Amino acid sequence: MKDKKRWILSLVKNSKQHQKLKTKLQEVESLYQDSKEKIRQLEIQNKDFKNRFHALESKVNKLTPQVYLRILEIHLAEHCNLNCFSCSHFSQLAKEGFPNLNQYECDLKRLSNLTYGLIGRFHLMGGEPLLNPNCKDFFQVTRKYFPKSAIWLVTNGILLESQSKDFWESCKENKIEIHPTKYPIKVNWEVIEQKCKDFGIPLIFFNNTQVIKASLKFVLEPKGNCNPLDSFVKCGMANNCVQLRNGKLYPCNIAPNIQYFNAAFHQNLPITPIDFIDIYKAKDYHEILQFLAKPIPFCRFCNLAKWKSIGEWKTSKKEIGEYLE
Ligand code: SF4
Ligand code: SF4
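Parameters at a glance
Residues numbered from 1 in each chain as written. Chains lettered and ligands numbered in written order. Predicted model: local features only at pLDDT ≥ 70, side-chain atom pairs only at ≥ 80, totals over all residues. Heavy atoms only, no water. Helix = DSSP H or I, 4+ residues; strand = E, 2+ residues; numbered from the N terminus. Rg over C-alpha atoms; globule rule 2.2 N^0.38 Å. Buried < 20%, exposed > 50% of the residue type's maximum accessible area, 1.4 Å probe, protein only. Contact = heavy atoms within 4.5 Å. Areas by Shrake-Rupley, 256 points an atom, 1.4 Å probe, with all protein chains shown as cover. Axes fitted to C-alpha atoms, helices over the stretch in contact; angles between N-to-C directions. Parallel < 35°, antiparallel > 145°, perpendicular 65-115°, else oblique. Left-handed = near helix turned anticlockwise from the far one by under 90°. Nonpolar A, V, L, I, M, F, W, Y, C, P; charged D, E, K, R; others polar. Near = heavy atom within 4 Å. Salt bridge = Lys/Arg side-chain N within 4 Å of Asp/Glu carboxyl O. Expected span 1.5 Å × (residues − 1). Arc of directions from axis to C-beta.

Caption draft 1: Representation of the overall build of the chain within the structure. Secondary structure assignment for the chain yields 9 helices and 9 strands. Taking 2.2 N^0.38 as the reference for a compact globule, 325 residues should give roughly 20 Å; the C-alpha atoms of the chain span a radius of gyration of 28 Å, well beyond that estimate. Projected onto the principal axes, the alpha-carbon positions of the chain cover approximately 100 × 50 × 45 Å. The buried share among the 325 residues of the chain stands at 45%. Excluding contacts between residues fewer than 6 apart, the proportion of contacts in the chain whose partners are at least 24 apart in sequence is 79%. Element-wise, carbon and sulfur atoms account for 54% of the exposed surface of the chain, whose accessible area totals about 18300 Å².

Caption draft 2: Geometry of the packing of helix H4 (residues 135–145) against helix H5 (residues 165–173). Contact geometry for H4 and H5: axes closest at 9 Å, N-to-C directions at 15°. When the interaxial angle is binned, H4 and H5 end up roughly parallel. Note on packing geometry: the crossing formed by H4 with H5 is left-handed. Across from Cys135, Lys136 and Phe139 in H4, the residues of H5 making contact are Asp166, Phe167, Ser170 and Cys171. Of the residues assigned to the contact of H4 with H5, the class counts are 4 nonpolar, 1 polar and 2 charged.

Caption draft 3: Highlighting the site of ligand 2. Inspection of the region around ligand 2 gives Ser231, Phe232, Cys235, Ala238, Cys252, Ile254, Phe298, Cys299, Cys302, Leu304 and Trp307 as its neighbouring residues. Considering only residue class, the shell around ligand 2 consists of 10 nonpolar, 1 polar and no charged.

Caption draft 4: Region of interest: the pattern of salt bridges. Applying the stated criterion to the full structure yields 8 salt bridges. Of the charged contacts, one joins Asp48 and Arg52 as a salt bridge, the two residues approaching to 3.2 Å between their closest N and O atoms. Highlighted residues: Asp48 and Arg52, both in helix H2 (residues 15–62), separated by 4 residues, approximately one helical turn. Notably, a salt bridge pairs Asp230 with Lys234, separated by 3.1 Å at the nearest N-O pair. On the criterion of helical spacing, the pair formed by Asp230 and Lys234 is a turn pair, its members being 4 residues apart in helix H7 (residues 228–234). We classify Asp230 as partly exposed; its relative accessible area is 34%. The class of Lys234 is partly exposed, set by a relative accessible area of 45%.

Caption draft 5: Structural view of the environment of Asn102. Within the secondary structure, Asn102 sits in helix H3 (residues 101–115). Here Asn102 falls in the exposed class, since its relative accessible area comes to 60%. Taking the C-alpha atoms as reference points, Asn102 and Trp313, 211 residues apart in sequence, are found 37 Å from one another.

Caption draft 6: Representation of the packing of H5 against helix H6 (residues 189–199) within the structure. Here H5 crosses H6 at 55°, and the two axes come no closer than 10 Å. Judged by the angle between their axes, H5 and H6 are oblique. Relative to H6, H5 is oriented so that their crossing is right-handed. In this structure, H5 contributes Lys165, Trp168, Glu169 and Lys172 to the contact, and H6 contributes Lys195, Cys196 and Phe199. Class assignment of the residues belonging to the contact of H5 with H6 gives a composition of 3 nonpolar, no polar and 4 charged.

Caption draft 7: Molecular detail of the site of ligand 1. Near ligand 1, the surroundings consist of Cys80, Leu82, Cys84, Cys87, Ser91, Gly127, Asn156 and Tyr183. Across the shell around ligand 1, the residue classes break down as 5 nonpolar, 3 polar and no charged.

Caption draft 8: The arrangement of the environment of Gln163 in detail. Note that Gln163 resides in the loop between strand E3 (150–155) and H5. Beyond its immediate chain neighbours, meaning those up to four positions away, Gln163 contacts Leu130 and Trp168.

Caption draft 9: Here's a closer look at H3. Counted at 1.5 Å a residue, the expected span for H3 with its 15 residues is 21 Å, and the 21 Å between its end C-alpha atoms agrees. Of the positions making up H3, those classed as buried are Tyr104, Asp107, Leu108, Leu111, Ser112, Leu114 and Thr115. Relative to the axis of H3, the buried residues are bounded by an arc of 160° and lie together on one face. Away from its buried face by more than 90 degrees, H3 exposes Asn102 and Asn113. Against strand E1 (69–75), strand E2 (119–125), H4, strand E6 (243–245), strand E7 (248–250) and helix H9 (285–292) lie the buried residues of H3.

What follows is the structure, given as structure tokens:
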């Protein structure tokens, strides 16, 4: 701009005209600066508007019943061989525990009838699902009742290398995809990648292979003083990480696993019959989807305003402070 101004002024020799032109050019320059500032302010407003729109859209989505369940999470093991800080499933606090295969089959049969087999994707997880010595039986039952759904095994990968041929064959036969989360621990991913290649099983990392897992802190409010609606609409798990446990569906994975927090720290954050929907009492899919799209009384114990990333992944000391402000 300055160079252009100098060049235009050099073309005019008459001093009066020169002055007039100089004034005009100064006005143009000032207008140009004003417009630049206005554009900058508009860009800030636009960004703010977009953020508010996305926050509102996310709240509306949480409170809107899904057309059909996109994701259903199920534990194949309650406990874990990793010990993560503030685990949202409380698996670092849980004692060894596995679902009963017969009960699992009844639940999936009932769910299949209720949903007409329409569930987008199963996350068979935990805890660490590979601690369950009968994973392949759970794969087979899930595939039997949901022939069209995606089935993901969600694992930390520690036990993948030591799995037997039966396990890999069952993955292939039942079209299981393996979705590990990479933690900053020693796992021989090359051997696992080769095994998956040999059996034609998709291996897709949950977090980008280069990303170092961060630790999150899920802060609870044991007095239950939070606004349940406020917690629910801000919660990333609500109506998103739906969990099936013993024939009951919960809108997230904090409520169905709170028993481990209660037992470890002598607390009593209660789960009542209106915190879940029983698949044997629900009259149809519609009723289930409606239930999952609204806050449950337990939401009053989740202090969403204080949930945060605390930086690099770290291990748990199994202290109640991991879940308190
Ligand atoms: S690996 Fe997953 S389930 Fe196990 S303690 Fe860590 S976060 Fe919890
Ligand atoms: S109880 Fe409510 S707020 Fe807490 S994790 Fe579940 S859905 Fe989210």
